[in-house]
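Residues per chain, in single letters:
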Amino acid sequence: MKLSINKSRSLWWAVSAAIILTGIISMVISWQNPDIRAPLRPSLDFVGGTRLQFERDCNQPGNCDQPIDINVVREVAKEQGLGDSSIQIVADKETGKDNGVLIRTKTLDVEQRTRLQNAIGEKIGTFDPQKSQIDTVGPTIGRELFRSGVIALIVSFVGIIIYLTFRFQLDYAVFAIIALFHDVLVTAGVFSILGLVLGIEVDSLFVVALLTITGFSVNDTVVIYDRIRETLKLTPDRPIADIVDDAVNQTLTRSINTTLTTLLTLFAIFLFGGETLKNFALALIIGFVAGAYSSIFIASTLLAWWRERKGESVGITTAESMDASADQ
């Protein structure tokens with residue numbers, strides 16, 4: 001069965017646009033949320049401060065009978081001068097019940113942390129000291145991590161544009177970058193939604209995941225583009241849409257197999273790799289799926305659309321004709 005992707009390219013673009021638009025709306029809502037104030041819920045890696053997570057000791061009789069009232073916790077934090085803190089109710093990892101409190105606030109010293117913990121414990125129940133988690137990150141480190149991550153993404157995008165322009169042509173490079181932006185926006189949008197709904201935060205590993213996604217996605221795109229260029233040289237008089245369809249179909253099995261085998265490893269990391277790597281693996285899963293989709297349905301169809309729009313319904317260009325003659 002031959003996949004005719006160009007016949008339904010408006011559908012592929014609409015699907016991507018809907019997903020990206022939903023993510024952007026989520027980012028706007030997240031930015032306006034007083035507990036987040038950012039497009040994605042940032043972890044301490046980026047904003048700095050103190051994160052405290054306490055879980056009630058359910059081994060004590062009656063300690064976990066009543067659900068935790070987040071308004072009570074907010075009131076206690078306000079009394080401690082921490083009214084602008086981000087507060088969430090979290091589930092106990094063993095029982096799955098909402099018996100924990102996660103507080104992200106400004107940097108606190110030992111005395112302030114102890115006072116806050118005791119005040120909250122008096123209102124909602126005694127905490128289990130073995131399950132308490134406290135992390136502190138300076139704001140300077142957070143800003144430096146964010147800046148380094150953004151610079152790394154920009155440098156990678158510029159490098160990809162330069163390589164693809166020399167390796168292929170400028171329009172190939174432009175649409176490959178559009179596909180990469182697609183993958184980054186889809187991944188960021190999904191994490192923005194998860195941050196609003198489930199309280200999932202992004203940390204420095206999320207930036208690493210985005211860089212990995214761009215590498216995976218552009219590799220898949222280059223394979224398809226290379227097949228398009230080879231077909232253009234062999235059959236320069238065919239319509240560009242047919243050439244692109246053939247190139248995608250010839251590389252489709254490879255793209256699916258590569259993505260599936262990679263996803264098997266990532267799902268294993270997500271399920272068994274521990275809490276530290278869970279969100280990292282999730283970001284890669286989302287990004288790799290988006291990358292495979294964009295390589296097949298976005299980058300290639302945009303190239304065909306652009307060549308048709310320029311009046312080059314027949315695939316080969318002057319530069320490519322010169323390449324083909326030189327090869328012969």
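Just so you know, these numbers come straight off a predicted model, no measurement behind them.

The rules behind the values
Residues numbered from 1 in each chain as written. Predicted model: local features only at pLDDT ≥ 70, side-chain atom pairs only at ≥ 80, totals over all residues. Heavy atoms only, no water. Axes fitted to C-alpha atoms, helices over the stretch in contact; angles between N-to-C directions. Helix = DSSP H or I, 4+ residues; strand = E, 2+ residues; numbered from the N terminus. Parallel < 35°, antiparallel > 145°, perpendicular 65-115°, else oblique. Left-handed = near helix turned anticlockwise from the far one by under 90°. Disulfide = S-S within 2.5 Å. Patch = residues over 30% accessible without salt bridge, like charges linked within 9 Å, V, L, I, M, F, W, Y side chains within 5 Å. Areas by Shrake-Rupley, 256 points an atom, 1.4 Å probe, with all protein chains shown as cover. Salt bridge = Lys/Arg side-chain N within 4 Å of Asp/Glu carboxyl O. Phe/Tyr/Trp six-rings, centres within 6.5 Å; stacked < 30°, edge-to-face > 60°. Buried < 20%, exposed > 50% of the residue type's maximum accessible area, 1.4 Å probe, protein only. pLDDT = per-residue confidence, 0-100. Contact = heavy atoms within 4.5 Å.

Student: Help me understand the packing of helix 7 (residues 204-234) against helix 9 (residues 275-309), please; the structure alone is not making it clear to me.
Tutor: Describing two packed helices takes the angle between their axes plus the distance from one axis to the other. Between helix 7 and helix 9, the shortest axis-to-axis distance is 8 Å and the interhelical angle comes to 30°. Put simply, helix 7 runs roughly parallel to helix 9. Seen from above, helix 7 lies across helix 9 with right-handed handedness.

Student: Help me understand the state of the cysteines, please; the structure alone is not making it clear to me.
Tutor: Between two cysteines, a covalent bond joining their sulfur atoms is known as a disulfide. The full count for this structure, using the stated rule, is one disulfide. Note that Cys 58 is cross-linked by a disulfide to Cys 64, the S-S spacing being 2.2 Å. Residues Cys 58 and Cys 64 share a disulfide whose torsion about the S-S bond is about -100°; that sign makes it left-handed.

Student: Please explain a nonpolar patch on the surface as it appears in this structure.
Tutor: Residues Phe 146, Val 150, Ile 154, Val 158, Ile 162 and Phe 166 make up a contiguous nonpolar surface patch of about 620 Å² in total accessible area. Within the secondary structure layout, Val 158 lies in helix 5 (residues 139-167).

Student: Is there a simple way to explain the packing of aromatic side chains in this structure?
Tutor: Working definition: an aromatic ring pair is given by the centre-to-centre distance plus the angle between the planes. On inspection of all chains with the given rule, the structure shows twelve aromatic pairs. An angle of 25° between the planes, with centres 5.2 Å apart, marks the rings of Phe 168 and Tyr 172 as stacked. Among the residues examined, Tyr 172 registers a relative accessible area of 1% and is labelled buried. Residues Tyr 172 and Tyr 225 carry aromatic rings whose centres are separated by 4.9 Å and whose planes lie at 85° to one another, so their mutual orientation is edge-to-face.

Student: I would appreciate a short explanation of unusual backbone geometry in the present structure.
Tutor: Note: most peptide bonds trans; most residues except glycine with negative phi. At Arg 37, a residue that is not glycine, the phi angle is positive and equals roughly 60°. Given a relative accessible area of 51%, Arg 37 falls into the exposed group.

Student: When you look at the pattern of salt bridges in this model, what are you seeing that I'm missing?
Tutor: Any two side chains of opposite charge can pair, on the condition that their charged atoms come close. The full count for this structure, using the stated rule, is eleven salt bridges. Across the pair Arg 51 and Asp 135 runs a salt bridge whose closest N-O atoms are separated by 3.2 Å. Residue Arg 51 is found in strand 1 (residues 49-55), and its partner Asp 135 is found in strand 4 (residues 133-137); the two are separated by 84 residues along the sequence. Look at Asp 135 and you get partly exposed, because its relative accessible area is 32%. Residue Arg 227 pairs with Glu 230 through a salt bridge whose shortest N-O separation is 3.6 Å. With Arg 227 and Glu 230 both in helix 7, this residue pair falls three residues apart, about one helical turn. Residues joined by salt bridges that share partners form a network here, namely Arg 51, Arg 104, Asp 135 and Glu 201.

Student: So what exactly am I meant to see when it comes to the side chain of Arg 307 here?
Tutor: With respect to the secondary-structure elements, Arg 307 resides in helix 9. Taking the relative accessible area as the measure of exposure, Arg 307 reaches 1% and is therefore buried.

Student: Please explain the confidence of the model for the protein as it appears in this structure.
Tutor: Parts of the model with low pLDDT should not have their predicted coordinates read in detail. A residue-level look at the protein finds 92% of positions with pLDDT of 70 or above and a mean pLDDT of 85. Across the protein, helix 1 (residues 9-32) holds the top mean pLDDT of 95, while helix 10 (residues 318-327) sits lowest at 46. Here residues 315-322 scores under 50 on pLDDT; set against residues more than four positions off or in separate chains, the count is 20 contacts.

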